[in-house]
Amino acid sequence: RTTRGNRHVWIMDLARESVTPFTFDQAVDGFPLWSPDGTRIVFESNRNGTFDLWIRPSSGSSAERLLHEAGDTEWPLHWTKDGRFLLYQTTDLKTKWDLWALPMTGSDRTPFVVANSPFVERMGQFSPDGRWLAYETNESGRPEIMAQAFPKGSGRFPVSTAGGTAPRWRADGKEILFLAPDGTAMAGPITSAGSAFE
């Protein structure tokens, strides 16, 4: 929400129909993302010069802290349902928009590449079981929806056939919803077993 010329993260209480600010820094904050258990919110902020990933307890009980910083812009996209991985997109001068995953549990918190071809990869979302990833790529010359295994990234499978953006998995994992170039809502039925995807 932008107020007085600056964008911050706000929380809306749907029961009370009230809104309260969640971030207060003079920098630009945005793209908030709830953790699966609702206890944390990750967001992007440019308070260190570039847009990096920051995190704060959703209760506001402590200050936000830097989660991940790189030389380029990072935006949080999605969290696996079990809370183990955070998906984010980043810019790169050679490969444009790329998708990375940040481990959120365990001792090794080193981010790793999910998709970083010379083309644009963005707007990704994990499947409900965390085994697949759907994302948008312009590899064919126009935006299309692709799916690939996660975390290994083996096998890529086209989902859209005539253009598509903004993929979203159905809660049971049996469809990927997306927008056609004319804005029409589309749905692609999904069947997966092991490494097979159709």
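As a reminder, the structure under discussion sits directly above these lines.
Given the structure is predicted, the values throughout are model-derived calculations rather than measurements. (Residues numbered from 1 in each chain as written. Predicted model: local features only at pLDDT ≥ 70, side-chain atom pairs only at ≥ 80, totals over all residues. Heavy atoms only, no water.)

Points about the nonpolar core
Worth spelling out the cut-off: For our purposes a nonpolar core is just a set of buried Ala, Val, Leu, Ile, Met, Phe, Trp, Tyr and Cys residues, chained together by side-chain atoms within 4.5 Å. Only protein chains enter the accessibility calculation, which uses a 1.4 Å probe. A residue is then buried if its area is under 20% of the maximum for its type, exposed if over 50%, and partly exposed in between. Any two residues having at least one pair of non-hydrogen atoms within 4.5 Å are treated as being in contact.
Listed in full, the 12 residues of the largest apolar core are Leu77, Phe85, Leu87, Leu99, Ala101, Val114, Ala115, Phe126, Leu133, Tyr135, Met146 and Phe150. Apart from residues lying up to four places away in sequence, Ala101 is in contact with Leu86, Tyr88, Pro111, Phe112, Val114 and Phe150. In terms of nonpolar packing, the next biggest core, distinct from the first, is built from 11 residues, Trp132, Ala147, Ile176 and Phe197 among them.

A short note on the environment of Gly60
Which entries qualify depends on this criterion: The numbering of helices and of strands both runs from the N terminus, where a helix is a DSSP run of H or I of at least 4 residues and a strand a run of E of at least 2.
Mapped onto the elements, Gly60 comes out in the loop between strand S7 (52-57) and strand S8 (65-68). With relative accessibility at 29%, the residue Gly60 sits in the partly exposed group. Separated by 21 residues in sequence, Gly60 and Thr39 place their C-alpha atoms 9.7 Å apart.

Things to note about the environment of Ala63
Mapping Ala63 onto the fold places it in the loop between S7 and S8. Taking the C-alpha atoms as reference, Ala63 lies 14 Å from Ser45; in sequence the two are 18 residues apart. Excluding its chain neighbours within four sequence positions, the residues that come into contact with Ala63 are Ile55, Arg56 and Pro57.

Section: a nonpolar patch on the surface
Rule in force here: Residues form patches when they are more than 30% accessible in relative terms and have no salt bridge. Like charges link within 9 Å. Nonpolar side chains (Val, Leu, Ile, Met, Phe, Trp, Tyr) link within 5 Å. Only the protein chains shown count as cover for residues, and the accessible areas themselves come from Shrake-Rupley with a 1.4 Å probe. One speaks of a salt bridge when a side-chain nitrogen belonging to Lys or Arg is within 4 Å of a carboxyl oxygen belonging to Asp or Glu.
Residues Met12, Leu14 and Val19 make up a contiguous nonpolar surface patch of about 320 Å² in total accessible area. Mapping Val19 onto the fold places it in strand S4 (residues 18-21).

A look at the sheet that holds strand S17 (residues 165-169)
To keep things clear, this is the line we draw: Only when DSSP finds a minimum of two bridges between them are two strands counted as paired. For helices, the axis comes from a line fit to the C-alpha atoms of the stretch in contact; other axes are also lines fit to C-alpha atoms, and the angle between any two N-to-C directions lies between 0 and 180 degrees.
Ordered in space as S17-S18-S19, the three strands form an open sheet in which the pairing is antiparallel. Among the strands making up the open sheet, the edge pair consists of S17 and strand S19 (185-189). Across this sheet, the average inter-strand angle for adjacent strands is 25°, counted without regard to direction.

Comments concerning the pattern of salt bridges
Throughout the structure, instances matching the rule amount to 12 salt bridges. Of the charged contacts, one joins Glu136 and Arg122 as a salt bridge, the two residues approaching to 3.2 Å between their closest N and O atoms. Of this pair, Glu136 sits in strand S14 (residues 132-137) while Arg122 sits in strand S13 (residues 121-126), and the two are 14 residues apart along the sequence. For Glu136, a relative accessible area of 5% puts it in the buried group. For Arg122, a relative accessible area of 27% gives the class partly exposed. When the shortest N-O distance is used, the salt bridge between Glu139 and Arg156 registers 2.7 Å. Taken together, the positions of Glu139 in the loop between S14 and strand S15 (144-149) and Arg156 in strand S16 (residues 156-158) put the pair 17 residues apart, joining distant regions of the chain. When salt bridges that share partners are traced, they join Asp25, Asp29, Arg47, Arg56 and Glu64 into one network.

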